[in-house]
Amino acid sequence: MSEASADRAVPIVGLGAGGHVKSVLEAVRSLGRFEVTALADDDPALTGSKVLGVPVVGPDALGELRAAGVAHAFAGVGGVGDSAARERAVGRLLEAGFELPPIVHRSAVVSPWARVGRGAHVLAGVIVNADAEIGDDVILNTGAIVEHDCRIEAHAHVGPGARLAGAVTVGERAHVGLGAVVIEGIRIGDGALVAAGAVVVRDVPAGARVAGVPAADMRPED
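Residues numbered from 1 in each chain as written. Predicted model: local features only at pLDDT ≥ 70, side-chain atom pairs only at ≥ 80, totals over all residues. Heavy atoms only, no water.

### Digging into the overall build of the protein chain
Scanning the protein chain from N- to C-terminus turns up three helices and 24 strands. Its C-alpha atoms give the protein chain a radius of gyration of 18 Å, within 12% of the compact-globule value 17 Å for 222 residues. In terms of overall dimensions, the protein chain has a C-alpha envelope of 50 × 45 × 25 Å along the principal axes. Residue burial in the protein chain is summarised as follows: out of 222 residues, 45% are buried. Here the analysis covers contacts within the protein chain between residues at least 6 apart in sequence; of these, 29% occur between residues at least 24 apart. As displayed, the protein chain has an accessible area near 10,300 Å², and 53% of this comes from carbon and sulfur atoms. Taken together, the 19 basic and 27 acidic charged side chains of the protein chain have centroids lying 3 Å from each other. (Helix = DSSP H or I, 4+ residues; strand = E, 2+ residues; numbered from the N terminus. Rg over C-alpha atoms; globule rule 2.2 N^0.38 Å. Buried < 20%, exposed > 50% of the residue type's maximum accessible area, 1.4 Å probe, protein only. Contact = heavy atoms within 4.5 Å. Areas by Shrake-Rupley, 256 points an atom, 1.4 Å probe, with all protein chains shown as cover. Lys, Arg positive; Asp, Glu negative; His and termini not counted. Charge placed at Lys NZ, Arg CZ, Asp CG, Glu CD.)

### Some words on the pairing of strand 2 (residues 34-40)
Among the seven residues that make up strand 2, five are buried, leaving the element largely enclosed by the rest of the structure. Pairing of strand 1 (residues 10-15) with strand 2, which is carried by six bridges, proceeds in the parallel orientation. Across the sheet, I12 pairs through a bridge with V36, a residue of strand 2. Crossover connection from strand 1 via helix 1 (residues 20-31) to parallel strand 2: handedness right-handed. As defined by bridge partners, strand 2 adjoins strand 4 (residues 54-57) across two bridges and the pair is classed as parallel. In the sheet register, A40 faces strand 4, and the bridge partner there is V57. (Pairing = 2+ DSSP bridges. Right-handed = clockwise from strand over helix to strand, strands pointing away.)

### Quick look at the side chain of S83
Tracing the backbone through its elements, the reader meets S83 in the loop between strand 5 (72-75) and helix 3 (84-95). At a separation of 3.5 Å, a polar atom in the side chain of S83 contacts the main-chain carbonyl oxygen of H155. Apart from residues lying up to four places away in sequence, S83 is in contact with H155 and R173. (Polar contact = N/O pair within 3.5 Å; in protein donor to acceptor, adjacent residues only side chain to side chain.)

### Observations regarding the environment of A71
Structurally, A71 is set in the loop between helix 2 (61-67) and strand 5. As a C-alpha pair, A71 and G14 span 57 residues in sequence and 11 Å in three-dimensional space. Residues in contact with A71, not counting those within four places in the same chain, are R66, F98 and E99.

### Thoughts on the side chain of H105
Examined against the element boundaries, H105 turns out to sit in the loop between strand 6 (103-104) and strand 7 (109-110). For H105, the side chain forms a polar contact with the side chain of S107, separated by 2.9 Å. Excluding residues within four positions of it along the chain, H105 makes contact with E26, A27, S30, V122, L123 and A124.

Printed below as a string of structure tokens:
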């Protein structure tokens, strides 16, 4: 059963109870479709606490919730420059048998000709234009702009206020930082990091770390 009835929201559980989950909770609640029943977290110090009114439970509760009929979940893990923890969280949820719907904040503007993958988060104020493709477990953070024909591959993170011009590709596990600008047709390679405020005018190789205007390789201080 994937749709809410007229008088009952669909239960959903989150994995992760850090800062990023607050933005995801805001997006989930804006939809009016789901009710977040709990947030599971590996940190025992958080068990019994609440995040924006949602109780935090231990990781063992995931299996109990699934067995009780909770079929939907989301990964509430963020991360700057390293998506490994979020990717692991997604894997755990899938292994436990949960469905991971895309979470698209009600205030986001997503073209009906765009595609949004499983478990992706499209947060408040985001714009996704026509024929953009958003992969599985992608984060498009608050106010990001993803123009037409962009391809954002699995587990990538486009930070708050970042702007991607048309036909940009962001590779798997790459990170485009807060307020960065990427001109049209650029490819950001797998696992690359574009620092906050950078202006990218040429392709970024896989695994590279770039910053500045125009963006260039980060170099250690002498």
